[in-house]
Amino acid sequence: MDLSEKILKLKKEKKAVILAHNYQRSEIQEIADYVGDSIELSRKAAQEKDAEMIVFSAVDFMAESAAILNPNKKVLLPCLGARCPMAQMLTVDEIKRAKTKYPNAPVVLYVNTLASCKAHCDVCCTSANAVEVINSLDAETILFGPDKNLAEYVSEKTGKTLIPIPENGFCPTHLLFQPEDVTVLKMEHLDATVMVHPECSTEMRKVADYVGSTSKMCRFAKESNAQTFIVGTEEGILHRLRKENPEKKFYLAYEEAICPNMKLTTLDRLYTSLKEEKNVVKVPEVVAKKARASLERMFEV
Ligand code: SF4
């Protein structure tokens, strides 16, 4: 029995469900019950009534959200070191300082934040629903963190003023994409459609035919008549795109765009974590209660 088979057997015995982010290694995506972006997985985590345990193959803030939404389930993060650097860029103090400066502005936080920060916002959003969340608010000036690029994109789409907190939060992986690389690839693939994630820079968004979250990119690729795509998001998405569209061609806009934190989850680590039920993610209830309210407000939108 190979490691994947052992995990699947153990998963059944322990009534566990495995959720994997689109940026996970292909072999992790293959054994997962659900593969998706943070909103798809947050929903799945909230809907998994029968599972006793959730193995969240992703990074810290996503597993924290699953623990917040499922206080009665054991949530495991196969590698505790899998942390999102962007989520670490925002602190509670930073939010408090911004609130003092803009007392009437609501605070909207991207789910890529730690639970302690989510407990200090009015509503959360993901890259898939950020525009809808901002449009749902009866305010023209909004504090938004931690991704400055997503803030700029949403501001363009909604016409509202988004004040970034911190001033310059970013995803180090998405900032690796450069428009020059797209130009070179376009010379090789003349008919290619360019789709990029809103965490990319403004310059990358300008050369894109489509801007969207990973779930939106998957839908767009399926529904589009285009046969060739240049993709501006983390490498792991290619597995899902190719699997769902075997007749189409996908090229990463920059081959080194790999999030090292997402790749920390390996089959070995997942197996050990599930077998020993270790790396349980816990959020203190006093924090979880407030953070849950911010996540639930997002689901309402
Ligand atoms: S891809 Fe960027 S935002 Fe996503 S986990 Fe990695 S560093 Fe964080």
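Scoring rules and cut-offs
- Residues numbered from 1 in each chain as written.
- Predicted model: local features only at pLDDT ≥ 70, side-chain atom pairs only at ≥ 80, totals over all residues.
- Helix = DSSP H or I, 4+ residues; strand = E, 2+ residues; numbered from the N terminus.
- Rg over C-alpha atoms; globule rule 2.2 N^0.38 Å.
- Buried ≥ 20, exposed ≤ 12 C-beta atoms within 10 Å, placed from the backbone.
- Core = buried A, V, L, I, M, F, W, Y, C linked by C-beta atoms within 7 Å.
- Contact = placed C-beta atoms within 7 Å.
- Pairing = 2+ DSSP bridges.
- Axes fitted to C-alpha atoms, helices over the stretch in contact; angles between N-to-C directions.
- Near = placed C-beta within 6 Å.
- Nonpolar A, V, L, I, M, F, W, Y, C, P; charged D, E, K, R; others polar.
- Parallel < 35°, antiparallel > 145°, perpendicular 65-115°, else oblique.
- Left-handed = near helix turned anticlockwise from the far one by under 90°.

Caption draft 1: Examining the overall build of the protein more closely. The helix and strand tally for the protein stands at 15 helices and twelve strands. Its C-alpha atoms give the protein a radius of gyration of 19 Å, near enough to 19 Å, the size a compact globule of 301 residues would have. C-alpha atoms of the protein, sized along the principal axes, occupy 50 × 50 × 30 Å. Sorting the 301 residues of the protein into buried and exposed places 50% on the buried side.

Caption draft 2: Main features of the environment of S224. Here S224 lies in the loop between α12 (214-223) and β11 (228-232). By the C-beta count within 10 Å, which is 15 here, S224 ends up partly exposed. Taking the C-alpha atoms as reference points, S224 and V184, 40 residues apart in sequence, are found 23 Å from one another.

Caption draft 3: Focus on the nonpolar core. Counting residues in hydrophobic clusters, the biggest one holds 98 residues, and the most contacted among them are L19, I54, F56, A63, A66 and V108. By residue number, the principal contributor to this core is helix α4 (residues 60-69), which donates seven residues. The contacts of V108, once residues within four sequence positions are left out, are C121, D122, V123, C125, V133, I134, I142 and F144.

Caption draft 4: Region of the structure containing the sheet that holds strand β3 (residues 53-57). Taken together, four strands build an open sheet; the order of strands is β2-β1-β3-β4 and the sheet is parallel. Each end of this open sheet is capped by a strand with a single partner; those strands are β2 (34-36) and β4 (74-76). With direction set aside, neighbouring strand axes in the sheet form an average angle of 20 degrees. Both strand β1 (residues 16-21) and β3 contribute to a ladder of five bridges, which runs parallel.

Caption draft 5: Highlighting unusual backbone geometry. A cis geometry characterises the amide bond from G145 onward to P146, with omega recorded as -5 degrees. In this structure, E277 takes a positive phi of about 50 degrees despite not being glycine. Mapped onto the elements, E277 comes out in the loop between α14 (267-276) and α15 (285-300). Of note, the phi angle at N279 is positive, near 70 degrees, even though the residue is not glycine. Mapped onto the secondary structure, N279 falls in the loop between α14 and α15.

Caption draft 6: Spatial organisation of the site of the ligand. Looking at the ligand, there are 14 residues lining it, with C84, M86, C171, T173 and C259 nearest. Classifying every residue of the shell around the ligand gives nine nonpolar, four polar and one charged.

Caption draft 7: The packing of helix α1 (residues 3-13) against α14, seen in detail. Where α1 meets α14, the closest approach of the two axes is 10 Å, and the angle between their N-to-C directions is 25 degrees. The angle between the axes of α1 and α14 places the two elements in the roughly parallel class. Between α1 and α14 lies a crossing whose hand is left-handed. Every residue of α14 that contacts α1 at L3, S4, K6, I7, L10 and K11 is listed here: L267, D268, L270, Y271, L274 and K275. Tallied by class, the residues present in the contact of α1 with α14 amount to seven nonpolar, one polar and four charged.

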